[in-house]
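Descriptive structure summary
Residue-level listing of the chains:
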Amino acid sequence: MKLILLGPPGAGKGTQAKRIERDYGLVQLSTGDMLRAAVAAGTEVGRQAGEVMAAGRLVPDEIVVSIIGERIVLPDCAKGFILDGFPRTVAQAESLDRLLAEKERRIDRVIEIAVDVAALVERISGRFSCTRCGAAYHDRFNRPQVEGVCDVCGGAEFTRRQDDNADTVAARLKAYREETAPLLPYYAARGVLRSVDGMADIDEVTRQLRSAIDGSGDN
Ligand code: ADP
Ligand code: ADP
Ligand code: ZN
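In this text the structure is predicted, and so the values were computed from the model without any measurement.

All right, on to empty space enclosed by the protein then. Left-over empty space is what a probe sized like a water molecule reveals as it rolls over the atoms. The full count for this structure, using the stated rule, is one cavity of 30 Å³ or more. The computed volume of the largest cavity comes to approximately 50 Å³. Together, L5, L6, G7, K13, G85, F86, P87, R88 and T180 line the largest cavity. Residue composition of the lining of the largest cavity, grouped by class: four nonpolar, three polar and two charged.

Next comes the structure, spelled out in structure tokens:
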């Protein structure tokens, strides 16, 4: 099963990808997480991407396509994967199609997490995550069950992203509208696009996602 979660920043892609990953034995591939790791490690890619990310713009296609191209051939992706935050431009989607076609594979499902833009600033500004396992939380909508302790791994340290501030969010939403939203008709034309109601609570979104996934053929 090769799955893409599509939606603007704050839609809930990472939150849902982590749940689907556990339930279906797929690997979550988040280009945002990979790029942040490269920035933290001070690699060449990290140096190229850091400033662009801090400004809320998109990192060049060649960089993210090459990261994903190297990643999806690793053994842990054999059962399938969930792409979270990739592709983000039509050029990235076309490159992904080519990479998969070389192996006679294709994307099985693209699921749009549809949300009201008005909700996103609050979602993003309240977001934090577990430093150890990456589980996503929210100040209002999704606090850990025990204050200060990660539900998933028991970790006690949490981080907030530098780019989760109101200024950068505006740029990120603009990039979504202009460069990523055209992927909706791109995948609709291929018959693989489904949509779930991302304004529902987190458990309900997971239920809708599961039924969108279970209703698809595998390859
Ligand atoms: P994305 O990966 O699409 O940018 P996240 O999964 O990180 O989004 O979610 C953004 C924030 O909103 C997180 O703090 C998360 O806990 C919260 N969140 C995710 N889904 C929902 C939902 N359905 N309702 C309310 N808050 C949500
Ligand atoms: P969010 O879901 O909240 O937008 P991500 O973690 O997916 O956040 O992405 C954070 C930043 O990393 C983006 O604003 C962008 O600068 C960069 N990035 C991540 N994925 C891509 C991609 N596929 N193409 C270009 N830039 C990307
Ligand atoms: Zn954790």
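Picking up after the structure, the text goes on.
The next subject is the coordination of the zinc ion (ligand 3). The protein atoms that coordinate the zinc ion (ligand 3) are C130 (SG), C133 (SG), C150 (SG) and C153 (SG), at distances of 2.3 to 2.4 Å. One can describe the donor arrangement at the zinc ion (ligand 3) as tetrahedral, given that its four donor atoms subtend angles of 100 to 116° at the metal. The sequence pattern formed by the donor residues of the zinc ion (ligand 3) is C-x2-C-x16-C-x2-C. Using a relative accessible area of 26% as the deciding quantity, one classes C153 as partly exposed.

Now for the pairing of strand β5 (residues 127–130). Both β5 and strand β6 (residues 136–138) contribute to a ladder of three bridges, which runs antiparallel. Among the inter-strand pairings, R127 is bridged to a residue of β6, identified as H138. A loop of five residues connects β5 with β6, the two strands running antiparallel in sequence, and G134 in this loop sits at a positive phi of about 85°. Direction of pairing for β5 relative to strand β7 (residues 158–159): antiparallel, over a ladder of two bridges. Directly across from C130, in β7, lies its bridge partner F158.

In this structure, the amide linkage connecting F86 to the following residue, P87, adopts the cis form with an omega of -5°. Examined against the element boundaries, P87 turns out to sit in the loop between β3 (81–84) and α5 (90–101). Notably, E104 is not glycine yet its phi reads approximately 50°, a positive angle. Inspection of the secondary structure puts E104 in the loop between α5 and β4 (109–114). With a relative accessible area of 71%, E104 lands in the exposed category.

As enumerated under the stated definition, the model contains 16 salt bridges in all. When the shortest N-O distance is used, the salt bridge between E178 and K174 registers 3.6 Å. With a gap of four residues between them, E178 and K174 both fall in helix α7 (residues 166–180), about one helical turn apart. We classify E178 as partly exposed; its relative accessible area is 49%.

About the thresholds
- Residues numbered from 1 in each chain as written.
- Chains lettered and ligands numbered in written order.
- Predicted model: local features only at pLDDT ≥ 70, side-chain atom pairs only at ≥ 80, totals over all residues.
- Heavy atoms only, no water.
- 1 Å grid on protein atoms, 1.4 Å probe; cavity = no way out; pocket = protein on both sides within 12 Å on 5 of 7 lines; lining within 4 Å.
- Points joined across faces, edges and corners; volume = space filled by probe spheres on them.
- Nonpolar A, V, L, I, M, F, W, Y, C, P; charged D, E, K, R; others polar.
- Donors = N, O, S within 2.8 Å, 3.2 Å for Na, K, Ca; no water.
- Tetrahedral: all angles 85-135°; square planar, octahedral: opposite > 155°, others 65-115°.
- Buried < 20%, exposed > 50% of the residue type's maximum accessible area, 1.4 Å probe, protein only.
- Pairing = 2+ DSSP bridges.
- Helix = DSSP H or I, 4+ residues; strand = E, 2+ residues; numbered from the N terminus.
- Salt bridge = Lys/Arg side-chain N within 4 Å of Asp/Glu carboxyl O.

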